[in-house]
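Secondary and tertiary structure notes
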Amino acid sequence: MAELITWTDFESVDLRAGTIIDVEDFPKARKPAYQLRIDFGKLGILKSSAQITAHYKKEDLIGRQIIAVVNFPKKQIADFMSECLVTGLPDENGDIVLSSIERKVPNGTRLI
C-alpha cells in the first residue's frame, strides 16, 4: 500500500472530466501513443499524449469522456507539449485501460 495522504494532499490533485475531440497518431513517441485534444469546458482545450493504442482505435475515442489531471506542469514528449495526464489502469499485459465515467457530466467537472 502507498503512503497515506491527507485530504489536503488529495485536493491538490486537480482531476477533471473532459471529452476527447481530436485524436492523431504520434509516430515520434518512443512507445505507441496518440496525441489527444480534450475539451475541459471552461478550462479550455488541453493536449495530452496517451499510450492507449492497444485497446482503443482513434475513431472510438472521439466523443469519449475521460478523467485527467489538469494541474501538472506541461511536459515535452518528442515534438509535442502534453498539458494534462489522462488517467487509466494497466491490464494484465501492462496496456492502459482508460478510467471511465459512468454517466456524462459537464466537461471540466472536478472529481471529488
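Residues numbered from 1 in each chain as written. Predicted model: local features only at pLDDT ≥ 70, side-chain atom pairs only at ≥ 80, totals over all residues. Heavy atoms only, no water.

Details of the overall build of the protein chain
Helix and strand counts for the protein chain stand at two helices and nine strands. From first element to last, N terminus to C terminus, the protein chain shows the α and β order α-β-β-β-α-β-β-β-β-β-β. In summary, the protein chain has a C-alpha radius of gyration of 14 Å against a globular reference of 13 Å for 112 residues, a match within 12%. The buried share of the protein chain, taken over its 112 residues, is 35%. Considering only contacts in the protein chain between residues 6 or more positions apart, those separated by 24 or more positions represent 58%. Computed over 15 positive and 16 negative side-chain charges, the separation of the two mean positions in the protein chain equals 5 Å. (Helix = DSSP H or I, 4+ residues; strand = E, 2+ residues; numbered from the N terminus. Rg over C-alpha atoms; globule rule 2.2 N^0.38 Å. Buried < 20%, exposed > 50% of the residue type's maximum accessible area, 1.4 Å probe, protein only. Contact = heavy atoms within 4.5 Å. Lys, Arg positive; Asp, Glu negative; His and termini not counted. Charge placed at Lys NZ, Arg CZ, Asp CG, Glu CD.)

As for the packing of aromatic side chains
Taken as a whole and judged by the stated rule, the model has two aromatic pairs. Ring geometry for W7 and F10: centres 5.2 Å apart, planes at 45 degrees, overall tilted. One end of the pair, W7, and the other, F10, are both in helix α1 (residues 7-11), three residues apart, so they sit about a helical turn from each other. With relative accessibility at 56%, the residue W7 sits in the exposed group. Geometry around F80 places K47 over its ring, the cationic atom sitting 5.5 Å from the centre. (Phe/Tyr/Trp six-rings, centres within 6.5 Å; stacked < 30°, edge-to-face > 60°. Lys NZ or Arg CZ within 6 Å of the ring centre and 35° of its normal.)

Digging into the UniProt feature "domain: TRNA-binding" (unreviewed entry) in the protein chain
Here, UniProt's "domain: TRNA-binding" (unreviewed entry) annotation points to residues 9-112. End C-alpha to end C-alpha, residues 9-112 measures 13 Å, and it is 7% helix and 40% strand. (UniProt positions renumbered as here; feature names shortened; annotations may be inferred.)

Structural notes on the pairing of strand β4 (residues 65-69)
The element β4 is extensively covered by neighbouring structure, given that five of its five residues are classed as buried. Residue alternation in β4 divides its side chains into two sets, Q65, I67 and V69 and I66 and A68, and both sets are buried. Examined bridge by bridge, strand β1 (residues 15-25) and β4 share five bridges and lie antiparallel to one another. Residue pairing across strands places L15 opposite V69, the latter belonging to β4. Looking at chain direction, β4 and strand β7 (residues 85-86) are connected through two bridges and run antiparallel. Each bridged residue has a counterpart across the sheet, and for V69 the counterpart in β7 is L85. (Pairing = 2+ DSSP bridges.)

Brief notes about the environment of P90
Within the element layout of this structure, P90 appears in strand β8 (residues 88-90). Note: C-alpha distance between P90 and I52 (38 residues apart in sequence) is 10.0 Å. Those residues in contact with P90 that lie beyond four places of it in its chain are D95 and I96.

Things to note about the pairing of β1
The pairing of β1 with strand β2 (residues 34-39) spans six bridges and is antiparallel. Note that in β2 the partner of D25 across the bridge is Y34.

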